[in-house]
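Residues per chain, in single letters:
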Amino acid sequence: MTKDKFLAILLSTFVFFALVALYPTPAKNSEPNYKKISEKVLPKKGFTLPVSWGDIGPKLIELGVIDLEKFEEAVPLTDAEEKILKEGGDIPIAITRENSQFVVDMLWALGLAQKSLVYDEGPLGQEYKEDAGNFASTGGWTLAKEDALNYLNKFDLIPLTPEQQSRVAEIAKNVYRPCCGNSTWFPDCNHGMATLAAIELLISKGYSDSEVYKEVLKLNSFWFPETYLTLAVYFQEKGTLWSRVDAKEALGEAYSSAQGAARIYEEVGPLPSEIVGGSCGA
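Please read these numbers as outputs of a predicted model, since none were measured by experiment. Throughout, a residue's number is its position along its own chain's written sequence, starting from 1. Owing to the predicted nature of the model, reporting of local features is limited to residues with pLDDT of at least 70; listing and counting of side-chain atom pairs is limited to 80 or more, with chain, interface and lining totals taken over all residues. Where side-chain values are given, they derive from all heavy atoms of the structure, hydrogens and water being excluded.

The numbering of helices and of strands both runs from the N terminus, where a helix is a DSSP run of H or I of at least 4 residues and a strand a run of E of at least 2. In terms of helices and strands, the protein chain carries 14 helices and two strands. Looking at the protein chain as a whole, 48% of its 282 residues are labelled buried. For the protein chain, long-range pairs separated by at least 24 residues make up 77% of all intrachain contacts whose partners lie at least 6 apart in sequence. Only the protein chains shown count as covering a residue, and every accessible area follows the Shrake-Rupley method with a 1.4 Å probe. Taken as a whole, the protein chain presents about 14100 Å² of accessible surface, with 53% of it coming from carbon and sulfur. We call a residue buried when its accessible area falls under 20% of the maximum for its residue type, exposed when it is over 50%, and partly exposed in between, using a 1.4 Å probe and counting protein chains only. Residues count as neighbours in contact if any of their non-hydrogen atoms are within 4.5 Å of one another.

This is how it looks when you write it as structure tokens:
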């Protein structure tokens, strides 16, 4: 063996073990560390998205999409949340266990009112156009000045080009939620409309599709904690850490639809401690 060949083998061996040290792969079928998994999926400090609330709250109040009195009666607000709602500002959208309901309600109102290709060409605007007010995402929004349908798909609150609208639509088709069997392309519940708003905000700020999926997965994890803790355990038992799971795959029908989540739950079984999820009402 030549000296150069020996050095090349030595270098490749060093690189291999360095990568193993940096990116360890859990042993398959090993007992999962639930505490560590929980901190990855649902960190105590929560997640901060790379977009801000801006003037969303004041605009929604001005347009009547949010009736301030109704909202304050339905959603207990902290001082910080009250500022976001009434004054707005360059305040990043952050989600934690404590504020997940506030976040879903604010984004729900925004998703309802924002003009979108998802409504024009999707199920709500096509096959269910005559029944558009009968879904949890529309009839369930009781915190507006008037009937929710008066605000559906009406306002350009988030500036989007036609190309960006098309990207929003394509991503929406690939993002499911465990409370329903539908994707965000058919936002028939509050989480669907909230997710749509989040996608629109992220696309409007120039983020790539892969970045959008990663941020949406963070929201879904706090809206459906037990589902995504279970999914993280499932992937770890298959040999993949949650930090290395492809967000688009995790949000797809196989894992994040009601049917997919049920299949994963059946395979993994109940987690050691009960984790409360979200609901589809205001």
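Further notes follow.
Before going further, it helps to examine the side chain of Glu-81. Position of Glu-81 relative to the elements: it lies in helix H5 (residues 79-86). Positive charges are assigned to Lys and Arg, negative charges to Asp and Glu, while His and the chain termini are left out of the count. For salt bridges, the criterion is a side-chain nitrogen of Lys or Arg within 4 Å of an Asp or Glu carboxyl oxygen. One buried charged side chain, Glu-81, makes no salt bridge at all; its nearest oppositely charged neighbour is Lys-86, positioned 12 Å away. In terms of polar contacts, Glu-81 uses its side chain to reach the backbone amide nitrogen of Thr-78, at 3.1 Å. With near-sequence residues (within four places) excluded, Glu-81 lies in contact with Pro-76, Asn-99 and Phe-102. Counting of polar contacts relies on pairs of N or O atoms within 3.5 Å, with two restrictions inside protein: one atom must be capable of donating a hydrogen and the other of accepting it, and residues adjacent in sequence are counted only when both atoms are side-chain atoms.

For the rest of this paragraph, the subject is helix H11 (residues 225-237). Helix span, expected: 1.5 Å multiplied by one less than the number of residues in the helix. Compared with the 18 Å implied by 1.5 Å per residue over 13 residues, the 18 Å span of H11 between its first and last C-alpha is a close match. Of all 13 residues making up H11, 11 are buried, and the element is well covered by its neighbours. Of all the residues in H11, the buried ones are Pro-225, Thr-227, Tyr-228, Leu-229, Thr-230, Leu-231, Ala-232, Val-233, Tyr-234, Phe-235 and Gln-236. Buried positions along H11 lie against helix H2 (34-41), helix H10 (209-223), helix H12 (247-250), helix H13 (253-256) and helix H14 (258-268). Once H11 ends, the next one or two residues include Gly-239, with phi positive near 100°.

Now for the state of the cysteines. Where two cysteines share a covalent bond between their sulfur atoms, that bond is called a disulfide. The disulfide definition used here is simple: a pair of cysteine sulfur atoms within 2.5 Å. Evaluated as defined, the whole model comprises zero disulfides. Between Cys-180, a free cysteine, and Cys-179, which holds the nearest cysteine sulfur, the sulfur-to-sulfur gap is 3.4 Å. Take Cys-189: it sits in no disulfide, and the sulfur closest to it among the cysteines is that of Cys-179, at 3.5 Å. Under the relative-accessibility criterion, Cys-189 is labelled buried at 2%.

Let us look at helix H9 (residues 190-204). For H9, with 15 residues, the first-to-last C-alpha span of 21 Å sits near the 21 Å given by 1.5 Å per residue. Among the 15 residues in H9, 14 count as buried, and that is most of the element. At the C-terminal side of H9, Gly-206 shows a positive phi close to 90°.

What follows is about the confidence of the model for the protein chain. Caution applies to low-pLDDT parts of the model: their predicted coordinates are not meant to be read in detail. For the protein chain, per-residue confidence averages 89 on the pLDDT scale, and 85% of positions sit at 70 or higher. Per-residue confidence from the predictor is reported as pLDDT, a score between 0 and 100. Considering only residues more than four positions removed or in separate chains, one finds that residues 5-11, a stretch of pLDDT under 50, has two contacts.

Time to look at the packing of helix H3 (residues 56-63) against H5. Orientation is described by axes fitted as lines to C-alpha atoms, over the contacting stretch for helices, and by angles from 0 to 180 degrees between their N-to-C directions. Packing of H3 against H5 leaves a shortest axis separation of 5 Å and a crossing angle of 60°. Considering the angle they form, H3 stands oblique to H5. Every residue of H5 that contacts H3 at Gly-57, Pro-58 and Ile-61 is listed here: Ile-84, Leu-85 and Lys-86. Under the scheme applied here, ten amino acids are nonpolar (Ala, Val, Leu, Ile, Met, Phe, Trp, Tyr, Cys and Pro), four are charged (Asp, Glu, Lys and Arg), and all others, including Gly, are polar. Along the lines of polarity and charge, the residues of the contact of H3 with H5 split into four nonpolar, one polar and one charged. Any angle between 65 and 115 degrees counts as roughly perpendicular, while under 35 counts as roughly parallel, over 145 as roughly antiparallel, and the rest as oblique.

Glancing now at the pattern of salt bridges. For the structure on display, the rule yields 10 salt bridges. Here Asp-55 and Lys-59 are joined by a salt bridge, their closest N and O atoms 3.6 Å apart. The partly exposed category is assigned to Lys-59, whose relative accessible area is 32%. The shortest N-O distance in the salt bridge between Asp-188 and Arg-177 comes to 2.5 Å. Taken as a pair, Asp-188 in the loop between helix H8 (162-173) and H9 and Arg-177 in the loop between H8 and H9 lie far apart in primary sequence, 11 residues in all.

On the secondary structure map, Gly-64 appears in the loop between H3 and helix H4 (68-74). Residues Gly-64 and Lys-145, 81 residues apart in the sequence, show an inter-C-alpha distance of 5.1 Å. What Gly-64 contacts, discounting residues up to four positions off in sequence, is Ala-144, Lys-145 and Tyr-151.

Before going further, it helps to examine the packing of aromatic side chains. By convention, a stacked pair of Phe, Tyr or Trp rings (six-membered ring in the case of Trp) has centres within 6.5 Å and planes under 30 degrees apart, an edge-to-face pair has planes over 60 apart, and any other such pair is tilted. On inspection of all chains with the given rule, the structure shows 10 aromatic pairs. Pairwise contacts between aromatic rings join Trp-53, Phe-71 and Phe-102 into one cluster. Note on geometry: a ring has a charge over it if NZ (lysine) or CZ (arginine) is within 6 Å of the ring centre and within 35 degrees of the ring normal. Across the ring face of Trp-185, the terminal group of Lys-173 is positioned such that the distance to the ring centre comes to 4.6 Å.

Below, the discussion takes up the environment of Ser-100. Its location among the elements puts Ser-100 in helix H6 (residues 100-113). Beyond its immediate sequence surroundings of up to four residues, Ser-100 is in contact with Ile-95, Phe-222 and Trp-223.

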